[in-house]
Amino acid sequence: MAVIRPATGADQERLYQVVVETGQAGDDATSLYKDPKMLGHIYTAPYVVLAPELVFVAEVNGQVAGYVCGVANSRAFEAELEEKWWPALRERYLAPDVSRKASWTADELRAEWIHNPAPTPDYVVDPFPAHMHMNLMPNARGCGLGRRLFDTWLEAAQAFGVGPVHIGADPKNAGGMAFWRAMGFERLLQPDGTFSEETCWMGRL
């Protein structure tokens, strides 16, 4: 049985596990990281702390097996992260040596993001100011749970006045991109008329 409910602080440690175990184009990224919390520091934990009203988890047989999180205003959230979230992590993790960039580990790549987070491109965030993240463990896929999570988030988000929303997917995650298309998202072109090769930006009106 699957149950969708609002996330609480007690879910935080499990969410750190879920995000890394789905962090390599939907597959397990645990082996890539010395610190398994690196992904969660970016993609789940700050939402639970700073925007808990739009974080939901899916429990399968009593264990959290997926989540959805997001915010109504991406630019405002970026500013809040800069003020309230990144400073403590910057003290915890050293910025990687830029002279060794070609050989950075997965941990160092995430540490670089913590020290120098890239803002969402204007061509994405201007027409689609809200954003969301979602991941499901393999045992929770293919049974309609993803759609239920999405619908739950969307209903809650609309109560906060959320309109157009974007997501950033890994271009190598074909299953994830297919899911977002099924949810009404379309891939966004860069101002030069090409698609980003690093992130598959998609928007939904």
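Per chain, the residues get numbers from 1 upward, laid out in the order the sequence is written. It should be noted that, the model being predicted, local features are given only for residues of pLDDT at least 70 and side-chain atom pairs only at 80 or more, the latter also being counted only at that level, while totals for whole chains, interfaces and linings use all residues. The side-chain figures draw on all heavy atoms in the structure; neither hydrogens nor water molecules are used.

All right, on to the sheet that holds strand 2 (residues 55-60) then. By the convention used here, strands pair only if DSSP detects at least 2 bridges between them. Secondary structure follows DSSP: runs of H or I at least 4 residues long count as helices, runs of E at least 2 residues long count as strands, and numbering of each begins at the N terminus. Pairing is mixed across the open sheet formed by seven strands, whose spatial order is 1-2-3-4-5-7-6. Edge positions in the sheet fall to strand 1 (2-6) and strand 6 (186-187), since each of these pairs with one other strand and no more. One ladder, built from two bridges, connects strand 4 (residues 130-136) with strand 5 (residues 165-169); its direction is parallel. When the bridges of strand 5 are listed, Ala130 appears paired with Val165.

With that settled, the discussion passes to the environment of Trp86. Along the chain, the position of Trp86 falls in helix 4 (residues 74-92). Note on Trp86: relative accessible area 3%, which makes it buried. Distance from Trp86 to Ile42, taken between C-alpha atoms, is 9.2 Å for residues 44 residues apart in sequence. Those residues in contact with Trp86 that sit more than four places away from it in its chain are His41, Ile42, Leu81, Trp113, Ile114 and Pro117. Categorising residues by exposure relies on relative accessible area from a 1.4 Å probe, with only protein chains included: less than 20% of the type maximum marks a residue as buried, more than 50% marks it as exposed, and the intermediate range marks it as partly exposed. Here a residue-residue contact requires only that any non-hydrogen atoms of the pair lie within 4.5 Å.

A few words now on the packing of aromatic side chains. Working definition: a ring pair exists when centres of Phe, Tyr or Trp rings (six-membered ring for Trp) sit within 6.5 Å. Plane angles under 30 degrees give stacked, over 60 give edge-to-face, the rest tilted. Within the structure shown, the criterion is met by five aromatic pairs. Where Phe150 meets Trp180, the ring centres are 6.4 Å apart and the plane angle is 75 degrees; that geometry is what we call edge-to-face. One end of the pair, Phe150, is in helix 7 (residues 145-159); the other, Trp180, is in helix 8 (residues 174-182), with 30 residues separating them in the sequence. Classification of Phe150 by relative accessible area gives buried; the value is 2%. Judged by relative accessible area, Trp180 falls into the buried class, the value being 7%. Grouping aromatic residues by their ring pairs yields a cluster made of Phe150, Phe179, Trp180 and Phe185. Only lysine NZ and arginine CZ atoms are considered, and such an atom sits over a ring when it is within 6 Å of the ring centre and within 35 degrees of the ring normal. The aromatic ring of Tyr16 is capped on one face by Lys37, whose charged end is 4.9 Å from the ring centroid.

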